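A structural walkthrough
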Amino acid sequence: MSLDLVLALLLGTGVAAGFLGSLSGLGGGVLLVPILVVGFQLPLVDAIGASAVSVLATSTTTGAAYAGAGLADVRIGMFLEIATVPGALVGVTSTLLLAHLDLTSALLVALGVVLLLTVPASLREGAKERPLPPADARSRRLRLEGSVYDERDHVRVEYQARRTSPALGTMFAAGMVSGMFGIGGGVLKVLALERFLGLPTKVATATSNFMIGVTVAASAGVLLLAGDVNPVVVAPVALGTVVGSLGGSRALPRLDSRALGFLFLAVVAALGVELILRGLGFP
Amino acid sequence: MTEPTAGAVTVDPLRRRIAAVLRAGLVASAVLLVAALLLFLARHPDESFVDVVQNNPIRGYLSLPGFASGVEGGHSQAFLTLAVLVLVATPIARVAAGAYYLRRSGDRPLARIAAAVFVLLLIGILVLGPLLS
């Protein structure tokens, strides 16, 4: 197969992953790594590098839009990056060390398990209404507060971050998963922003997207300087993912996103099983 | 918790400036990436996908002297390296811009946190990357 044709297929893969990832809210990275490994026979670390840069490009696009529109809470996002960045550095270091020790099969199994765990986590209902604890001292000192206009109820909703310590711990874990596998880790980030900080769902989702770019920049930068980012592979995948995710977010109001979301999750689960079997040495 | 307001959305200068940094980096890296990839394909018509995967074309351009001589010589691989570097550097520049604007607006505690994230990113990438290659 000619290089031009493979690059066109990579572009199409990026568009599809970005589109479906945007509809499901999981992002395209969850699909990219397994497809690049299974479909394009790319070495796992190269696939992680390509996915990390693609996730970075998508997050930068959406992050700029959310910050410009005032939806992402830039101050809370920047505060939490003090946990996601070290997490990502630990994650990417673990991946490269395991690869150097020729333990990529363990990485494949771990990624497969992460993919399978992502499915129930993304199906969970939104955070139940429950009384929130008062904002902790750190939140008050740093003024981690804001407001967002609720278009449905036509009111301005004010919020203040509540429990910052468990949020920081969860963000470190999110960064580590992101750094290890070149994915955004948005499921964990939204969970921490909603459940521990008590942010409204819309702000939590936008802030998570805004933060993903910096988290992934840490791991993508390490992978780039380690020589594990191949730009000939990255270029079509990243451009495709950005186009696909923009298309997905525009098509969202017109499509049955629930049905497509389920389709996406079914594909994620199937790829998770495939990676586990590969890692365990099944043909 | 809630109060009725008019629907106007006001965006503070910090968010506007950060969004501008992200957009500028994204446009610059996208233009560079597409141009460098087309140049690479034009100059390497016989290259196969397996060759590209086995011999990452930017490996020789990751050191400062290699990169500088590649740009000077007009090598497409050096421009591919530059494109990915700009893309990766965009969120890092956003953190630096955030630290600067927070400090200028008098929000010193958060500016210090943003500055710490910036230093962590730089040290982490510049030390761990070459170490783990």
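Just so we're clear, the structure is a prediction, and the values are computed from it rather than from any experiment. (Residues numbered from 1 in each chain as written. Chains lettered and ligands numbered in written order. Predicted model: local features only at pLDDT ≥ 70, side-chain atom pairs only at ≥ 80, totals over all residues.)

Attention shifts here to the overall build of chain A. Each helix and strand in chain A was counted, giving 11 helices and two strands. Secondary structure elements of chain A, listed N to C terminal, follow the sequence α-α-α-α-α-α-β-β-α-α-α-α-α. The C-alpha atoms of chain A give 18 Å as radius of gyration, which agrees with the globular expectation for 283 residues (19 Å, within 12%). Taking the principal axes of the C-alpha coordinates as reference, chain A spans close to 55 × 40 × 30 Å. For chain A, buried positions account for 59% of its 283 residues. Here the analysis covers contacts within chain A between residues at least 6 apart in sequence; of these, 80% occur between residues at least 24 apart. (Helix = DSSP H or I, 4+ residues; strand = E, 2+ residues; numbered from the N terminus. Rg over C-alpha atoms; globule rule 2.2 N^0.38 Å. Buried ≥ 20, exposed ≤ 12 C-beta atoms within 10 Å, placed from the backbone. Contact = placed C-beta atoms within 7 Å.)

This part is about the overall build of chain B. Across its full length, chain B holds five helices and one strand. Starting at the N terminus and ending at the C terminus, chain B contains elements arranged as β-α-α-α-α-α. Each of the three principal axes of chain B carries a C-alpha extent, and together these read 65 × 35 × 25 Å. Counting across all 133 residues of chain B, residues that qualify as buried make up 40%. In chain B, of all internal contacts separated by at least 6 residues, the share reaching a separation of at least 24 is 58%.

Attention now moves to unusual backbone geometry. In most cases, non-glycine residues show a negative phi, while peptide bonds are predominantly trans. All names here are of chain A. Phi at glutamine 41 takes a positive value of approximately 55 degrees, unusual for a residue other than glycine. By the secondary structure assignment, glutamine 41 is in the loop between α2 (29-38) and α3 (44-68). Judged by the 11 C-beta atoms lying within 10 Å of it, glutamine 41 falls in the exposed class. The phi angle at aspartate 102 is positive, at roughly 60 degrees, despite the residue not being glycine. Position of aspartate 102 among the secondary structure elements: in the loop between α4 (74-100) and α5 (104-123). In this structure aspartate 102 comes out as exposed when scored by C-beta crowding, with 8 C-beta atoms within 10 Å.

Let us now look at the packing of helix α1 (residues 13-43) of chain B against helix α4 (residues 76-104) of chain B. Residue and element names in this part refer to chain B. At a minimum axis distance of 7 Å, the contact between α1 and α4 shows a crossing angle of 175 degrees. Between α1 and α4, the crossing angle belongs to the class labelled roughly antiparallel. A class-by-class count of the residues in the contact of α1 with α4 yields 23 nonpolar, six polar and three charged. (Axes fitted to C-alpha atoms, helices over the stretch in contact; angles between N-to-C directions. Parallel < 35°, antiparallel > 145°, perpendicular 65-115°, else oblique. Nonpolar A, V, L, I, M, F, W, Y, C, P; charged D, E, K, R; others polar.)

Counting residues at the interface gives 53 residues for chain A and 58 residues for chain B. Of all the secondary-structure elements, those providing two or more residues to the side of chain A that touches chain B are α1 (3-24), α3, α4, α6 (137-142), β2 (155-160), α9 (201-225) and α10 (231-251) of chain A. At 11 residues, α4 of chain A tops the list of elements feeding residues into the side of chain A that touches chain B.

If you look at the biggest cluster of nonpolar residues, it comprises 135 residues, and the most contacted ones within it are Val53, Leu56 and Ala220 of chain A together with Ala83 and Val84 of chain B. Not counting residues up to four positions away in its chain, the partners in contact with alanine 220 of chain A are Ala52, Val53, Leu56 and Val229 of chain A together with Val88 of chain B. (Core = buried A, V, L, I, M, F, W, Y, C linked by C-beta atoms within 7 Å.)

With that settled, the discussion passes to the pairing of β2 of chain A. Two faces belong to every sheet, and in a regular strand the side chains alternate between them. Bridging between strand β1 (residues 145-150) of chain A and β2 of chain A involves six bridges; their strand directions are antiparallel. When the sheet's bridge partners are listed, aspartate 150 of chain A is paired in β2 of chain A with valine 155 of chain A. (Pairing = 2+ DSSP bridges.)

Turning to helix α8 (residues 186-196) of chain A, a few remarks are in order. Residues and elements named next belong to chain A. When you tally the buried positions in α8, you get eight out of 11 residues, the bulk of the element. All buried positions along α8 are accounted for by Gly186, Val187, Leu188, Lys189, Val190, Ala192, Leu193 and Phe196. The inward-facing, buried residues of α8 abut α5, α7 (164-181) and α9. Just beyond α8, the residue with positive phi is glycine 198, at close to 70 degrees.

Quick look at α5 of chain A now. The terminal C-alpha atoms of α5 of chain A, which comprises 20 residues, lie 29 Å apart, in line with the 28 Å expected from a rise of 1.5 Å per residue. Looking only at α5 of chain A, the buried set comprises Leu107, Leu108, Ala110, Leu111, Gly112, Val114, Leu115 and Thr118 of chain A. (Expected span 1.5 Å × (residues − 1).)

Two numbers describe a pair of packed helices, the interaxial angle and the distance between the axes. Residue and element names in this part refer to chain A. Between α3 and α9, whose axes approach to 7 Å, the crossing angle comes to 145 degrees. Of the two elements, α3 crosses α9, and the hand of that crossing is left-handed. Together, Ile48, Gly49, Ala52, Val53, Val55, Leu56, Ser59, Thr60, Thr62, Gly63, Tyr66 and Ala67 of α3 and Ala206, Asn209, Phe210, Ile212, Gly213, Val216, Ala217, Ser219, Ala220 and Leu223 of α9 make up the contact between the two elements. Of the residues assigned to the contact of α3 with α9, the class counts are 14 nonpolar, eight polar and no charged. (Left-handed = near helix turned anticlockwise from the far one by under 90°.)

Residues and elements named next belong to chain B. In this model, chain B carries a mean pLDDT of 88, and residues with pLDDT of at least 70 account for 92%. Considering each helix and strand of chain B separately, the mean pLDDT is smallest for strand β1 (residues 2-3), with a value of 38, and largest for helix α5 (residues 108-131), with 96. Confidence metrics for the complex model read pTM 0.90 and ipTM 0.89. (pLDDT = per-residue confidence, 0-100.)

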